[in-house]
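Structure at a glance
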Amino acid sequence: MNNFIYDIPVKVYFGENQLCHLGEELSKYGKRVLMTYGGGSIKKIGLYDEVVAEIKKAGLELFELSGIEPNPRIDSVRKGAEICKNENIDVLLAVGGGSTLDATKFMAAGAMVDHDPWDFLSSKWAPIEKALPIVTILTLSATGSEMDCGGVITNPETNDKIGRMERPMLPKASFLNPANTYTVSPYQTACGAADMMSHIIEVYFNKENDLYMLDCFMEGMMKTIIKYAPIAMKEPENYEARANLMWASSWAINGFVNGGKEHSWSCHPMEHELSAFYDITHGLGLAILTPRWLEYCLDDSTVSKYYQFGVNVFGIDGSLDKMAVAKKSIEMLSDFFFNSLKLKSTLSAIDIDDTHFETMAEKAVEIGGLKYAYKPLDKTDVRNIYKMCL
Ligand code: NZQ
Ligand code: ZN
């Protein structure tokens, strides 16, 4: 087991009726608050009014930036960074799903520099040494952005979608009220579940095999998602289901399960190219890619991990032949994504053909570090995996 540092200093207010602490959290950083949100779901669910009331009650000054897109665009980041500079913002409050949270993180970093925020993500890779403090109120369980220091931003002019993780962008506090996710559609609930599953699978299928305790933890989280996502889709106001999904989303990517694991992720770099070129929902792309990637990487050297996955997560009979269990585990994962979660199972079904596979494969390998992945992948491998998804 490799050495690692465990340090996740995000204060989490979990559950209902926690917004009474919002004023006190924001006030730690100053008086001028920039609240960011997406296309308006927070108004429909009444959360906007609640948040504004808390901010007013605390005597803080409120500024707003709305309209942050799913697969957030660099232009939104630019706007937010400008507001922070022009209005001397002290703290950012992101209210929404991963897209709003991600964009807000780069606004917070952009506020501290004179250059274009895209320089953080382009080949210039400008350093992110500081950022304004960020508080989040999560409304969709999926990305884990509420408890990690990462974000992923799209530049439609260059067909780039690039992620980066830097400590200064870690939220100071996050408010996780499962009831705020009651209105998330069955489709977005499914995509969120697929995203969380992928965050775990990317780490679970890893080169080291001596992290029994973390493997058990990850198996538990995957079972939790498999159990509760279909319930939340059928019964959107089932608190227990929403709560389990929300906490699993945070823990899937907050740095705990990957402690000590040397790895580069595989499906995420491939998916980011799909959303960069076709603006699809991140979790949907991952659901289509993950079973094909698993199929592509299965051989005698990897079969044991698949066997463990099949037996411990899907309850497949361990007395069967190892390779048979491995193949069955991929079938069961596909069944979860495409039957239980009702997600489309191929790229053709979402009108994606092979037009850009060559460029996407090249970019996924170059940007995503795929040669350091669980099974090192080059451009031909990635193209083959995309083709398997057609
Ligand atoms: O914009 P609004 O009106 O808020 O509507 C959103 C949006 O249309 C809606 N929604 C959110 N909360 C809702 C709701 N609708 C009804 N009721 C609610 N309570 O859902 C739609 C999707 O929202 P979005 O924020 O885009 O979804 P998600 O949380 O899945 O975020 C996806 C983005 O996060 C990135 C993805 O690549 C993608 O760009 N990721 C971020 C990561 C990170 N920070 O660590 C890791 C992930 O792997 C991922 O790459
Ligand atoms: Zn993801």
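Residues numbered from 1 in each chain as written. Chains lettered and ligands numbered in written order. Predicted model: local features only at pLDDT ≥ 70, side-chain atom pairs only at ≥ 80, totals over all residues. Heavy atoms only, no water.

A few points about the coordination of the zinc ion (ligand 2)
Those donors, D195 (OD), H199 (NE2), H268 (NE2) and H282 (NE2), are the protein atoms that reach the zinc ion (ligand 2), and they lie 2.0 to 2.2 Å from it. By relative accessible area, H199 is classed as buried at 2%. (Donors = N, O, S within 2.8 Å, 3.2 Å for Na, K, Ca; no water. Buried < 20%, exposed > 50% of the residue type's maximum accessible area, 1.4 Å probe, protein only.)

Considering a nonpolar patch on the surface
On the surface, M1, F4 and Y6 cluster together into a nonpolar patch covering about 360 Å² of accessible area. On the secondary structure map, Y6 appears in the segment before β1 (11-14). (Patch = residues over 30% accessible without salt bridge, like charges linked within 9 Å, V, L, I, M, F, W, Y side chains within 5 Å. Areas by Shrake-Rupley, 256 points an atom, 1.4 Å probe, with all protein chains shown as cover. Salt bridge = Lys/Arg side-chain N within 4 Å of Asp/Glu carboxyl O. Helix = DSSP H or I, 4+ residues; strand = E, 2+ residues; numbered from the N terminus.)

What about the domain arrangement of the protein chain?
Assigned domains within the protein chain: domain 1 (11-180) and domain 2 (185-388). The C-alpha-based centres of domain 1 and domain 2 are spaced at 27 Å. Listed by partner, the interface residues are 27 residues for domain 1 and 27 residues for domain 2. In total, domain 1 and domain 2 occlude about 2,100 Å² of area from one another, counting both sides; carbon and sulfur atoms represent 60% of this. Counting across the interface, domain 1 meets domain 2 through two salt bridges. For the side of domain 1 that touches domain 2, the elements supplying multiple residues, two or more each, are β1 and β7 (160-165). Looking at which element gives the most residues to the side of domain 1 that touches domain 2, the answer is β7, with four residues. In terms of residue class, the side of domain 1 that touches domain 2 is built from 13 nonpolar, eight polar and six charged. (Domains from an automatic or database assignment. Contact = heavy atoms within 4.5 Å. Buried area = accessible area lost by both parts, 1.4 Å probe. Nonpolar A, V, L, I, M, F, W, Y, C, P; charged D, E, K, R; others polar.)

Looking at the sheet that holds β1
An order of β1-β8-β5-β4-β2-β3 is seen for the six strands of this open sheet, with the pairing classed as parallel. Either end of the sheet is taken by a strand with one partner, and the two such strands are β1 and β3 (61-65). Strand-to-strand twist in this sheet, taken as the mean axis angle between neighbours without regard to direction, amounts to 20°. Pairing geometry for β1 and strand β8 (residues 173-176), over four bridges, is parallel. Directly across from F14, in β8, lies its bridge partner L176. Running at roughly 160° to β3, helix α4 (residues 74-86) makes contact with β2 (32-36), β3 and β4 (91-96) of the sheet. Docked against the sheet, helix α5 (residues 98-110) engages β2, β3, β4 and β5 (134-138), running at close to 165° with respect to β4. (Pairing = 2+ DSSP bridges. Axes fitted to C-alpha atoms, helices over the stretch in contact; angles between N-to-C directions.)

Remarks on the pairing of β4
For β4, a buried count of six out of six residues is recorded, marking the element as mostly surrounded by other parts of the structure. Because side chains alternate across β4, one face comprises the buried residues V91, L93 and V95, and the other comprises L92, A94 and G96, equally buried. Pairing of β4 with β5 involves five bridges; the strand directions are parallel. Note that in β5 the partner of L93 across the bridge is V135. This β-α-β element, β4 to α5 to β5, shows right-handed connectivity. (Right-handed = clockwise from strand over helix to strand, strands pointing away.)

A look at the site of ligand 1
The full set close to ligand 1 counts 32 residues, and S41, G98, S99, D148 and K161 are the nearest of them. When ligand 1 is considered free in solution it has 960 Å² of accessible area, and contact with the protein chains removes 88% of it. Taken together, the elements giving at least two residues each to the shell around ligand 1 come down to α5, β6 (150-155), α6 (186-204) and α9 (267-278). Here the shell around ligand 1 is built from residues that sort into eight nonpolar, 20 polar and four charged. (Near = heavy atom within 4 Å.)

Observations regarding the nonpolar core
Formed by 80 residues in total, the largest nonpolar core has its most connected members in M270, W293 and Y386. It is α6 that contributes the most residues to this core, 10 residues altogether. In terms of nonpolar packing, the next biggest core, distinct from the first, is built from 27 residues, L34, A103, A111 and I128 among them. (Core = buried A, V, L, I, M, F, W, Y, C linked by side-chain atoms within 4.5 Å.)

Concerning the pattern of salt bridges
Under the defined criterion, the tally for this structure stands at 19 salt bridges. Between R32 and E87 there is a salt bridge; the shortest N-O distance is 3.7 Å. With R32 in strand β2 and E87 in the loop between α4 and β4, this residue pair connects regions lying 55 residues apart in the sequence. E87 gets classed as partly exposed once you look at its relative accessible area, which sits at 30%.

Some points on the state of the cysteines
For the coordinates displayed, the defined rule picks out zero disulfides. The thiol of C84 is unpaired, and the distance to the nearest cysteine sulfur, on C149, comes to 19 Å. C84 gets classed as buried once you look at its relative accessible area, which sits at 4%. (Disulfide = S-S within 2.5 Å.)

Some details on α5
With 13 residues, α5 should cover 18 Å at 1.5 Å per step; its first-to-last C-alpha distance of 18 Å lies within 8% of that length. Counting buried positions along α5 gives 12 out of 13 residues, so the element sits mostly inside the fold. Burial in α5 covers these residues: G98, T100, L101, D102, A103, T104, K105, F106, M107, A108, A109 and G110. (Expected span 1.5 Å × (residues − 1).)

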